[in-house]
Amino acid sequence: MNALSPDAPARGRKRFQFDIRSAAQAAEQGVEVQGLRLLSVAPGEEDGSFDCAIARSDGEFLATLTILVSDASEYPSDHTFFCSSQDDLPVYVSRVTEAIHEDGSATIQRTLMRLLEKLAKGVATSKNAQSDDDDDEDVEDDDEIDGYDMDDDIGLLGAQPGNSKFDRSMLQRHFNEIVAYGYYPGYIPFGVDDFALSASLPAKSLVDTIPARALMAWDKQLLARAQHLTLLVSGLRGVYPFVQPDATFTQSAHFHGVAPQFRVGLTLEYKPSQADASETIRKYGLKEEYDAQPAPEPVEEPLFDDDDYLDEDPVAEENEAVNDETAEEAEEQVAGFRPFSLSSSLESLLNGHFLRILQLRVQYSLGWAGAEALLWEVERTQQPIGDIMRLRGEHIRLADATDKLLMQSYVLPADPLLERDASQPINILLVAFSYLMRRLTLCPRYCLVCHQPLQEDLDALKPYVCSSKLCTYQYYTLNRGPSLEYEICANPVTVDLLVSLAYVALTEGAPDAPLPVGMGLRVECRTAPAARRDSDGLFDFDKLDPHDMRVATTQLIDKLPPIADIKRHLEQPRKAGRAKPRLQDVDKTVPEAAWSVLRWCVASCTAHLEELQSEEDQVKNIGPEWKQFRFSVGAPDAEAKYRQAIVQAQTESRKAREYPSLYAFHGSPAKNWHSIIRHGLWFKNVAHGRAYGHGVYFAKDGAVSTGSYSMGAQSCWRNSASRVTSCVALAEIVNLPNKFVSQNPFFVVDKTDWIICRYLMVKGSGYVNPNAATTTPAPPSMYSYAPFTNQPPPPEEEVDNSIPWVPLDPEHPLTLSGKRIRIPLPTHALEKILAARRQEFIPVNYDEDDLSIFEALPPTQLPQPFDEDVVMTTIEDDWQHDPEWVQKAIEHLIPPPTESSLQATTALQRELKALLKEQKAAKSLKELGWYMPEDLIGDNLYQWIVELHSFDQNLPIAKDMERHGVNSLVFEIRFPAGFPHAPPFFRILKPRFLGFSQGGGGHVTLGGSMCMDLLTADGWLPSYSISAVLLQIKLAISNLDPKPARLAQNWDSPYGMQEAMEGYKRAANTHGWKIPQSFDRIAR
């Protein structure tokens, strides 16, 4: 099959019909696979179907099949094929056709390829079987057929086989590139000639680009233990590379039927084991393409005491055995390839759109945002791509310009497509993982179902769906997003609170209270006119008026059992082999719509609420009647924008430099919090008047907010455990009160970027806080402005110095009932989690399969006959080594290290040989990007001189080098005696760079050493090659984020060894990286 025409429709019915015509043309030209011939392909009688005729190569007719697509509008990504025939089919043919729906979504061309391969295998099996046993022969399953090689000279649908199926040296090169970008590649062989690939990143490294609060809000599993975020790519059929430089499939990929499938999950190691990968791939083939995988049950201690709701088992021995089995299952669930809450959505994006987006990006020189915008426009309009680019090309490219603004508040992964050689096959594993990291970082900005940018004005912390009713329906019916079962088991108090607040808001008619529309609910409603009932006696929820919607929703919530009962049911012990308890089995009388509403109450909450159970995490002097929650709302970059506002305030105010933030309370009626925890603190509606200006109102004394402003609830869900009466938020605000709308008697803030919600306090008759100190709260003040008078602040109390407290401005004391409020540092709890993950992290040791790739020798070059007419040519503009410049750089070089070891010497001999071999084999030094002067290789292997050169001419550092006549960056590499287990030390000798504090960047410290996790004890791996590290250093220097690298005014002054070592130590301590034990001896 040839590459898809640029003018071909991207998806839908037009694409379906286009592919039928393409397959028909290919069949006319002749398609034959292992003795089976595709005679014809034609549109079927039924809409969304096509017929194909198949015969043996000897002319014997086999069958005419009709293939029907489940939904042509979703083709070629979100559909299923079904196959039937009016012929009397042999058993082996029937078994193949009946199982075609298990193959998941694929194009017509790939579907026909798989069909012919399976039928060919069935023909071969039937020939070898005894005639009496023909009907009992099983056709091999898809996993076994994947390894079935075709020897025909002509591939299916016009594809020709390539010269080589697997290029190990290309995979080696791509693996080294992946390592250079800071990721971990993996090679997982299956049988003789098939394999899967993986790329991963330690979970502890996710916080380098994504705020920890966002990761915890998305799924607590992400930081629950030392593990890796892993991308698994299967369906490669032993072919590599399988994409060309233009991102289309290679001929070999077409011939062998490559159909890459992407899986996203968590693994304890840097890649899944062969058994886990096989199991994951097998499950993928059997399940519906876009069915979500529920998150595993939590293995942490349950939040409620099991004794409170587990019935006693009359047979103690059996109960003990069941509990042992359950514990073993919990351990197994931690291992393997485990999906998390966003896995389903990310896999849908990668499998349905990634390759097409990549092709558009390469073809039209777009960025990721531009290529996505082009694809969405093609799908929306069904117009040819060329026409869209001609008519709306400027609008499409505007998406890339807008995308660059995101880098001000998001840390996006490096883009490997900007550095690649356009003549070489794309490193698809690296590009896919980079794209995965990008979309994970930006996931709250995109719909979880259609993957297009959210158009709503509201920024959310958790990813959600767009306003399309179709996306809403799929989100809830296909179980995208967080697993309801997991949330109930892990966060039962939070789930109970969300349901209780929804009930209060809907019962009391809160303005702008969200409703579960677009979910296809069939409901009862006591207030709706009976004439509007449908034939089943129920109402279509979306056709009810708002009042009846609220009534119907509260009726459904009242039918839900208590959350504690649901949790007890889900966690009940079970014997091995028994199915997990289902949510719907708690109470068979609960209608399906009620469970959907429960899921809506939890999944529609785009804020993060986490019950604070530990005393050291709680705000002090709040009172035992208030249950405390950590409360985060707003986009993931809200924290970054807030920090930017803090920095700006510190340039304007001395007080802000000493006390960056103020804290204050915000009270609101209980019925409003169902909306607030989804939308944040905004000021669209006026509830209590705006006497002091337009903005969000805050009080420094909690008595004001907890008094008349937090009006109590007038209703309660009958099964609520919390029985909520009042809610109050505690927020952090930029300490620049002179810029507030008002300071007295309230803080009135109209800049929402200046506000970060930190805590939610909930009062309810069902709550008891055992950790809170017992105090008798003073009655709330009669006058809302009394706490802002010039009364003396309450006396200081004894402070627990083991807990880091927020320094509060004494001019604006925070109090409640006459007691001074103390707040733990918001980052304290997260830092403890991250410190534990760093402590648990075990450096990656590549297994034998991966080492066989890293250590593969280049393919042997066959001798070519000498041709006198052929003259060896060199690239005219190739980079040239300047010996004089390098000699000046090494004038003050200190002697090499004196410590050595046999292990290090052996490793260095191998590394030096490989480096020089790669240098000599390079087509051009400019393309290579580094150079090792052979005349400077001394007798001591522990000190090397290497140059980095040929930076992209558009980079500021390249322009500086050209302006000053700097030919290269001259590096010294010093190796410790512990090499290769201990990292080498890289430092620049000349030229001198501009320091970070002076506006420079490029990951170069003030002393000329490199500020990179890769070169510390935490990030270094023995399998790293020096050439891969040099590539990574060049990429780091080329990185424009957060600031571009620039040469200093005294660029010609060499760096000293001592300042380089001090710079390395400062960088490591700042980032929490571990310094090698023998580091100080590197200079001896």
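The shown structure was predicted, so the numbers you read here are calculated from the model rather than taken from an experiment. (Residues numbered from 1 in each chain as written. Predicted model: local features only at pLDDT ≥ 70, side-chain atom pairs only at ≥ 80, totals over all residues. Heavy atoms only, no water.)

Draft legend 1. Spatial organisation of the overall build of the protein. If you tally the helices and strands in the protein, you get 32 helices and 24 strands. Counting the 1084 residues in the protein, one finds 54% classified as buried. Long-range pairs, those at least 24 residues apart, make up 73% of the contacts in the protein between residues at least 6 apart in sequence. Counting only carbon and sulfur atoms, one obtains 49% of the accessible surface of the protein, whose full area is about 48,200 Å². (Helix = DSSP H or I, 4+ residues; strand = E, 2+ residues; numbered from the N terminus. Buried < 20%, exposed > 50% of the residue type's maximum accessible area, 1.4 Å probe, protein only. Contact = heavy atoms within 4.5 Å. Areas by Shrake-Rupley, 256 points an atom, 1.4 Å probe, with all protein chains shown as cover.)

Draft legend 2. Seen up close, the pattern of salt bridges. For the coordinates displayed, the defined rule picks out 38 salt bridges. Between Arg654 and Glu658 there is a salt bridge, with its nearest N and O atoms 3.7 Å apart. A residue pair is termed a helical-turn pair when its members lie 3 or 4 positions apart in one helix, as Arg654 and Glu658 do in helix H22 (residues 654-658) at four residues. Relative accessible area serves as the criterion here: at 54%, Arg654 is assigned to the exposed category. With a relative accessible area of 44%, Glu658 lands in the partly exposed category. Across the salt bridge formed by Lys751 and Asp750, the nearest N and O atoms sit 3.8 Å from each other. (Salt bridge = Lys/Arg side-chain N within 4 Å of Asp/Glu carboxyl O.)

Draft legend 3. Inspection of the packing of helix H5 (residues 168-180) against helix H31 (residues 1026-1038) at higher detail. It is the contact of H5 with H31, at a shortest axis distance of 8 Å, that shows an interaxial angle of 50°. One finds that H5 runs oblique with respect to H31. Between H5 and H31 lies a crossing of right-handed hand. Side by side, H5 and H31 meet where Asn176, Glu177 and Ala180 of the first sit next to Ala1028, Leu1031, Gln1032 and Leu1035 of the second. (Axes fitted to C-alpha atoms, helices over the stretch in contact; angles between N-to-C directions. Parallel < 35°, antiparallel > 145°, perpendicular 65-115°, else oblique. Left-handed = near helix turned anticlockwise from the far one by under 90°.)

Draft legend 4. Layout of the packing of aromatic side chains. Within this structure, the stated rule accounts for 30 aromatic pairs. Ring geometry for Tyr187 and Phe195: centres 5.3 Å apart, planes at 40°, overall tilted. On the numbers, 5.6 Å between centres and 55° between planes, the contact of Trp879 with Tyr931 is tilted. Residue Trp879 is found in the loop between helix H26 (848-854) and helix H27 (883-889), and its partner Tyr931 is found in strand S21 (residues 930-931); the two are separated by 52 residues along the sequence. Neither residue differs from the other here; Trp879 and Tyr931 are each classed as buried. One aromatic cluster is present, formed by Trp944, Phe975, Phe979, Trp1020 and Tyr1024 through successive ring pairs. (Phe/Tyr/Trp six-rings, centres within 6.5 Å; stacked < 30°, edge-to-face > 60°.)

Draft legend 5. Here's a closer look at the nonpolar core. Judged by nonpolar contacts, the single largest core of 183 residues is most densely connected at Phe354 and Ile1037. Take this core: its biggest share by element is 10 residues, from helix H14 (residues 428-441). Filtering out sequence-adjacent residues up to four positions away, Ile1037 remains in contact with Leu948, Phe951, Leu969, Phe971, Phe993, Gly1002, Val1004, Met1010 and Ala1045. Counting 40 residues, the second-largest nonpolar core is a separate cluster that includes Leu497, Leu498, Ala645 and Ile755. (Core = buried A, V, L, I, M, F, W, Y, C linked by side-chain atoms within 4.5 Å.)

Draft legend 6. Seen up close, the sheet that holds strand S18 (residues 755-764). Read from one edge of the open sheet, five strands run S12-S13-S18-S16-S14, paired in antiparallel fashion. Edge positions in the sheet fall to strand S12 (608-611) and strand S14 (661-668), since each has one partner strand and no second. Each strand axis lies, on average, 25° off the axis of its neighbour in the sheet, ignoring direction. Pairing geometry for strand S16 (residues 724-734) and S18, over nine bridges, is antiparallel. Across the sheet, Ala729 pairs through a bridge with Leu760, a residue of S18. The sheet strands contacting helix H17 (residues 492-507) are S12, strand S13 (626-632), S16 and S18, and the helix crosses S12 at an angle near 125°. In the packing of helix H21 (residues 638-652) onto the sheet, contacts are made with S14, S16 and S18, and the angle to S16 comes to roughly 50°. (Pairing = 2+ DSSP bridges.)

Draft legend 7. The arrangement of the packing of helix H28 (residues 902-921) against H31 in detail. Running from N to C, H28 and H31 point in directions that differ by 65°, and their axes come no closer than 9 Å. Note on element contacts: H31 touches H28 through Ile1026, Ser1027 and Leu1030, opposite Glu911, Leu915 and Glu918.

Draft legend 8. Inspection of helix H24 (residues 702-709) at higher detail. Where H24 is concerned, the buried positions are Gly702, Ala703, Val704, Ser705 and Gly707. Looking at the buried positions of H24, the neighbouring elements they touch are S14, S16 and strand S19 (815-816). Two or three places before Ala703, at the opening of H24, Asp701 has a side-chain oxygen 2.9 Å from that residue's backbone nitrogen. (Polar contact = N/O pair within 3.5 Å; in protein donor to acceptor, adjacent residues only side chain to side chain.)

Draft legend 9. Region of interest: the environment of Gln919. Position of Gln919 among the secondary structure elements: in helix H28. Gln919 gets classed as buried once you look at its relative accessible area, which sits at 7%. It is 9.9 Å that separates the C-alpha atoms of Gln919 and Gly929, two residues lying 10 residues apart in sequence. In contact with Gln919, other than residues within four places in its own chain, are Leu925, Leu928, Trp930, Tyr931, Met932 and Glu934.

Draft legend 10. Main features of the side chain of Ser1009. With respect to the secondary-structure elements, Ser1009 resides in the loop between strand S24 (985-990) and H31. Ignoring any residue separated from it by four or fewer positions in sequence, one finds Ser1009 in contact with Phe985, Phe986, Arg987, His1003, Val1004, Ala1060, Gly1063 and Tyr1064.

Draft legend 11. Main features of the sheet that holds strand S2 (residues 36-43). An order of S1-S2-S3-S4-S5 is seen for the five strands of this open sheet, with the pairing classed as antiparallel. Two strands bound the open sheet, and with one partner strand each, they are strand S1 (31-33) and strand S5 (81-84). Ignoring which end each strand starts from, the neighbouring axes of this sheet average 30° apart. Pairing geometry for strand S3 (residues 49-56) and strand S4 (residues 61-69), over seven bridges, is antiparallel.

Purely spatial values, then, with no claim about function.
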